[in-house]
Amino acid sequence: MEQVTELHRIEGLQGKNIVLLFGKTRAGKSTFINDAYGRKVVKSTTSIESDTNEISYVNRPIRVGRLDVLLVDTIGLGGSGEGHDRASFTWKWLRILHPGKNRNSPLNPTVKGILYFIDMMDGAMNEDNIRNLETFKALVGEEVLESVLFVTTKWVTIAERNTRKRLENNFVGWREKIRRDFPRASIVRLDDTTGRLDEEDLNELPSTERRERERQYHDNAMRVLQQLLDKRATQPILAQREMYAGGKGMKAGQTTLGRTTAKHLSEDVERTRDKTIIQKLTDAIQEIMNTVMFKAFFSGNKKRRRGKNA
């Protein structure tokens, strides 16, 4: 029986084949894992609150071709639950990737592929989606983009013409953004031809029809995994490389991921006039500063703000 285990350090999975799943809350990450295994092994999000509150993996690997693969389910970005903001996402991943005392150890490409899930019902490109992509790119880097697969979800059947037309327009916007900012990465449509029923509607089907649907979803998920692993990564992701760097790695706040998140938070503080929001952001910044991740960035930024107010 599969168990879900929280991922504390990536080094604990050295020698394994890992696939990371990213995306916004309710984009279909946990559902994809259940489809791949052919049964419910993790909670999937069916309400406005995200069920995935930690970065975890199913400790029984799934067979994809000749590889035994561990699927890592990540907290969704933009969810209503605690810890679903980009700052918390950054802190958790830098902690997981940090080499600790093993900074001089050989660095192997444990992560073999990365899936980024996009809910087609989520709409066209906006600032929140753009920032999520910037955060994601700062984490994985340019060198592994051939091993990144963007998975579009929540497709309806062609028969639902009005909704389908809107989703196709959304897809065009996402595809153009991905081609421009993530060259060599690929984008696929999950459940495009079959459409996707939510769990409640699926359970209302006659048992024979439901099992056939579940089989289709499983086959679709396995095709995505096979496509991803046909171009598996041959080197580690960017944040991991930056913190190792042959024993002379960066501190967490110096990494591209740390600096990108610090920039986003700083922009939010600079442009808002709502005192409640300012206080909330300032508290978040202070909490992050206490980890000594972004201390240098925000110390300099505070001096600039004091100069403006003088």
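Counting starts from 1 at the beginning of each chain's written sequence and moves along it residue by residue. Per-residue local features are limited, in this predicted model, to residues with pLDDT of at least 70; the limit for side-chain atom pairs, both in listing and counting, is 80 or more; totals at the level of whole chains, interfaces and linings are taken over all residues. Values reported for side chains reflect all heavy atoms of the structure, with hydrogen atoms and water molecules removed beforehand.

Okay, the overall build of the protein chain next. Counting from the N terminus, the helices are the DSSP runs of H or I reaching at least four residues and the strands are the DSSP runs of E reaching at least two. Per the secondary structure count, the protein chain includes 10 helices and eight strands. Burial classes: relative accessible area under 20% of the type maximum marks a residue as buried, over 50% as exposed, and values in between as partly exposed (1.4 Å probe, protein chains only). In the protein chain, which comprises 310 residues, the proportion classed as buried is 49%. Where accessible areas are quoted, they stem from the Shrake-Rupley method and a 1.4 Å probe; at the residue level, only the protein chains shown are allowed to cover. Summing over all exposed atoms, the protein chain offers an accessible surface of approximately 15800 Å²; the carbon and sulfur share of this is 47%.

Planes of paired rings set the category: under 30 degrees apart is stacked, over 60 is edge-to-face and the rest tilted, where pairs are Phe, Tyr or Trp rings (Trp by its six-membered ring) whose centres lie within 6.5 Å. Using the criterion set out here, one finds 10 aromatic pairs in the structure. Note on phenylalanine 22 and tryptophan 93: the rings are 5.6 Å apart at their centroids and 50 degrees apart in plane angle, and the pair reads as tilted. On the criterion of sequence distance, the pair formed by phenylalanine 22 in strand β2 (residues 17-23) and tryptophan 93 in helix α2 (residues 86-97) is long-range, its members being 71 residues apart. Assessed through its relative accessible area of 2%, phenylalanine 22 is described here as buried. Tryptophan 93 sits in the buried class, given a relative accessible area of 0%. Consider the rings of tyrosine 116 and phenylalanine 150, whose centres lie 5.4 Å apart with planes at 50 degrees: the pair is tilted. Pair noted here: tyrosine 116 is in strand β6 (residues 111-119) and phenylalanine 150 is in strand β7 (residues 148-153), with a separation of 34 residues, a long-range link. Considered together, tyrosine 116 and phenylalanine 150 belong to a single accessibility category, that of buried residues. By the ring-pair criterion, three or more aromatic residues cluster together here, those being Phe22, Phe89, Trp93, Tyr116, Phe136, Phe150 and Phe182. Stacked on the ring of phenylalanine 182, the Lys or Arg lysine 137 has its end atom at 5.4 Å from the ring centre. For a ring to carry a charge above it, either NZ of a lysine or CZ of an arginine must fall within 6 Å of the ring centroid while also lying within 35 degrees of the normal to the ring plane. Stacked on the ring of phenylalanine 171, the Lys or Arg arginine 189 has its end atom at 4.2 Å from the ring centre.

A large share of helix α1 (residues 29-37) lies buried, amounting to eight of its nine residues. All buried positions along α1 are accounted for by Lys29, Ser30, Phe32, Ile33, Asn34, Asp35, Ala36 and Tyr37. The inward-facing, buried residues of α1 contact β2, β3 (56-58), β4 (62-64), β5 (67-73), β6 and α6 (207-229). Phi turns positive one or two residues past the end of α1, at glycine 38, with a value near 80 degrees. Any two residues having at least one pair of non-hydrogen atoms within 4.5 Å are treated as being in contact.

Distance thresholds for patches are 9 Å for like charges and 5 Å for nonpolar side chains (Val, Leu, Ile, Met, Phe, Trp, Tyr), applied to residues having over 30% relative accessible area and no salt bridge. We count a salt bridge whenever a side-chain nitrogen from Lys or Arg sits within 4 Å of a carboxyl oxygen from Asp or Glu. Charge assignment in this entry is limited to Lys and Arg as positive and Asp and Glu as negative, and neither His nor the chain termini are counted. Charged side chains are reduced to one point each, which is NZ for Lys, CZ for Arg, CG for Asp and CD for Glu. Together, Asp198, Glu200, Asp201 and Glu204 line one region of the surface with negative charge. Tracing the sequence through the fold places glutamate 200 in helix α5 (residues 199-203). The exposure class assigned to glutamate 200 is exposed, which follows from its relative accessible area of 56%.

Time to look at the pattern of salt bridges. The tally for this structure, following the rule as stated, stands at 24 salt bridges. Close ionic contact of arginine 196 with aspartate 35 constitutes a salt bridge, the shortest N to O distance being 2.5 Å. On the criterion of sequence distance, the pair formed by arginine 196 in the loop between β8 (186-189) and α5 and aspartate 35 in helix α1 is long-range, its members being 161 residues apart. One salt bridge connects arginine 131 with glutamate 127, and the closest N-O pair in it is separated by 4.0 Å.

Once that is clear, we can look at the nonpolar core. Side-chain atoms within 4.5 Å are what join buried Ala, Val, Leu, Ile, Met, Phe, Trp, Tyr and Cys residues into a set we call a nonpolar core. In this structure, Phe22, Trp93, Ile114, Phe136, Leu139 and Phe150 are the most contacted members of the largest nonpolar core, which totals 45 residues. Of all the elements in the fold, those that place two or more residues in this core are β2, β5, α2, β6, α3 (127-140), β7, α4 (161-181) and α7 (238-244). Discounting chain neighbours no more than four positions away, the residues touching phenylalanine 136 are Phe22, Ile114, Tyr116, Val148, Phe150 and Phe182. Of all hydrophobic cores here, the second largest spans 27 residues; its members include Ile33, Ile62, Val64 and Leu229.

Let's shift gears to the side chain of lysine 177. If you trace the backbone, lysine 177 turns up in helix α4. For lysine 177, a relative accessible area of 13% gives the class buried. Excluding residues within four positions of it along the chain, lysine 177 makes contact with Met125, Ile130, Leu133 and Phe182.

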